[in-house]
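An overview of the molecular structure
Here is how the chains run, residue by residue.
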Amino acid sequence: CADTVSPELWRALAERATAALPGLSMSEATNVATALVQVRESVPLAEAQARAQMASFFDALLDRAEGTMPNRGTSQLWASNVASGMSDFDPLTATKLISVFGNLRRLDAGPLALRLARGCIMPVSLGRRPGTLGVGHLRNIAEALSRLHVHDEDVLQALT
């Protein structure tokens, strides 16, 4: 279906998504990123014609994600954003974001992905009971970390 859309529209989508990124929740931004990754993989012409715009979007997304991470630890990773009343990262959004950067093989996103992965496997930081994410999600995180060349044996063991 994506191949029936004009490549110029994908370029426009990536440009507008980059401009709108500050106003999107992390969940919405991650959903847009997931769609753009699928386009890159399934429509080579669209990826070729919108490469710069997509790269700008993913650069901005990485900056935004790193900027919303707590300075230290994972205990506040899933805490609600006081100003907006929204959660920046929930475990499912974190899983999707890790997968996005893993599929892109954005090695510069490795440290962010590792911090998000730690948050996903540490029930205390989630403020929820263990088992929030299913086995498939955990496997996707492990595969993405591998693609990002993140080798933390404790995290990988906890994920598999």
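That block above? That's the structure.
Residues numbered from 1 in each chain as written. Predicted model: local features only at pLDDT ≥ 70, side-chain atom pairs only at ≥ 80, totals over all residues. Heavy atoms only, no water.

Focus on the nonpolar core
The nonpolar side chains of a soluble globular protein tend to be buried with one another. Among the nonpolar cores identified, the biggest contains 46 residues, and Phe-58, Leu-61, Leu-97, Ile-141 and Leu-145 are the most heavily contacted of them. Elements supplying a minimum of two residues to this core: helix H1 (7-20), helix H2 (26-42), helix H4 (51-68), helix H5 (91-104), helix H6 (110-121), helix H8 (135-147) and helix H9 (153-159). Sequence-distant contacts of Phe-58, that is, excluding residues within four places in its chain, are made with Ala-33, Leu-36, Val-37, Arg-40, Val-100, Phe-101, Leu-104 and Arg-106. (Core = buried A, V, L, I, M, F, W, Y, C linked by side-chain atoms within 4.5 Å. Buried < 20%, exposed > 50% of the residue type's maximum accessible area, 1.4 Å probe, protein only. Helix = DSSP H or I, 4+ residues; strand = E, 2+ residues; numbered from the N terminus. Contact = heavy atoms within 4.5 Å.)

Quick word on the packing of H6 against H8
Contact pair H6 / H8: the axes reach a minimum separation of 11 Å and the direction vectors enclose 160°. Taken together, the axes of H6 and H8 lie roughly antiparallel to each other. Viewed along their axes, H6 and H8 form a crossing whose handedness is left-handed. Across the interface between the two elements, Ala-113, Leu-114, Ala-117, Cys-120 and Ile-121 of H6 pack against Leu-138, Ile-141 and Leu-145 of H8. (Axes fitted to C-alpha atoms, helices over the stretch in contact; angles between N-to-C directions. Parallel < 35°, antiparallel > 145°, perpendicular 65-115°, else oblique. Left-handed = near helix turned anticlockwise from the far one by under 90°.)

Re unusual backbone geometry
Positive phi is not limited to glycine here, since Arg-105 has a value of about 55°. Within the element layout of this structure, Arg-105 appears in the loop between H5 and H6. Positive phi values are uncommon outside glycine, yet His-149 reaches one of about 60°. Relative to the elements of secondary structure, His-149 occurs in the loop between H8 and H9.

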